[in-house]
Amino acid sequence: QSLHEQLRVSTKDLELAKEKVDSVQTELIVVLSIFAAIVLAFSGSISVVGNALSSVENSSVFKAMLFLLVSGFIVFNTIFLLMYLVAKITNRNIYAHCKTSDCSCGENGQPKCCGINRVRKRLPYVFWINFILFILIILDILAWHFNIEYLFIPMN
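Conventions and cut-offs
Residues numbered from 1 in each chain as written. Predicted model: local features only at pLDDT ≥ 70, side-chain atom pairs only at ≥ 80, totals over all residues. Heavy atoms only, no water. Helix = DSSP H or I, 4+ residues; strand = E, 2+ residues; numbered from the N terminus. Buried < 20%, exposed > 50% of the residue type's maximum accessible area, 1.4 Å probe, protein only. Contact = heavy atoms within 4.5 Å. Axes fitted to C-alpha atoms, helices over the stretch in contact; angles between N-to-C directions. Parallel < 35°, antiparallel > 145°, perpendicular 65-115°, else oblique. Patch = residues over 30% accessible without salt bridge, like charges linked within 9 Å, V, L, I, M, F, W, Y side chains within 5 Å. Areas by Shrake-Rupley, 256 points an atom, 1.4 Å probe, with all protein chains shown as cover. Salt bridge = Lys/Arg side-chain N within 4 Å of Asp/Glu carboxyl O.

Visitor: Quick question: what am I supposed to make of the overall build of the protein here?
Guide: Assigned secondary structure in the protein consists of four helices and zero strands. Starting at the N terminus and walking to the C terminus, you meet the elements of the protein as α-α-α-α. Out of the 156 residues belonging to the protein, those deemed buried represent 19%. Summarising the internal contacts of the protein: among those between residues at least 6 apart in sequence, 70% fall at separations of at least 24.

Visitor: Explain the packing of helix α1 (residues 2–55) against helix α2 (residues 61–89) to me, please; I cannot follow it from the model alone.
Guide: Packed helices, taken two at a time, are described by the angle between their axes plus the distance between the axes. Two numbers describe how α1 lies on α2: the axes approach to 9 Å, and their chain directions differ by 175 degrees. Taken together, the axis directions place α1 and α2 in an arrangement best described as roughly antiparallel.

Visitor: Got a minute to help me understand a nonpolar patch on the surface in this structure?
Guide: Taken together, the side chains of W128, F131, I132, F134, I135, L136, I138, L139, L142 and F146 make up a nonpolar region of the molecular surface, amounting to roughly 960 Å² of accessible area. By secondary structure assignment, the location of F134 is in helix α4 (residues 124–146).

Visitor: Where do I start with the pattern of salt bridges in this structure?
Guide: Scanning the entire structure with this criterion turns up one salt bridge. The shortest N-O distance in the salt bridge between R8 and E5 comes to 2.6 Å. Taken together, the residues span about one helical turn, with R8 and E5 both in helix α1 at a distance of three residues. By relative accessible area, E5 is classed as partly exposed at 39%.

Spelled out as structure tokens, the structure:
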């Protein structure tokens, strides 16, 4: 009887190991595909930005800055999204480690916080880079609107 029981347990363990190997292969293919997408997104965005900057030669500084800032915003968030997908697929945690008790929202009876506050607490690097890019875009649009070109050194 113990041999039959051991055989049944070993067979069950073998089936679990086979399922795990199959899922690891799928995860590996997905992760490699996403990393390839990251490389393509980065190299493609660099070539687009380079071509666009060469064509804005006769344009104002504000248009070039706006284009660069919006391109940076899109590229950063696209690459972060792809990295986030890799982390989710591989069951890794990319969130910042909290050093204070008020980092998590809605836990231990705390009220739920809004999405922006949650991103600020759990993904501070994403929040601050997007915040700085957004502020720079607003400042560039305001400077373009009020035509404050004397603050900049001419490009030629």
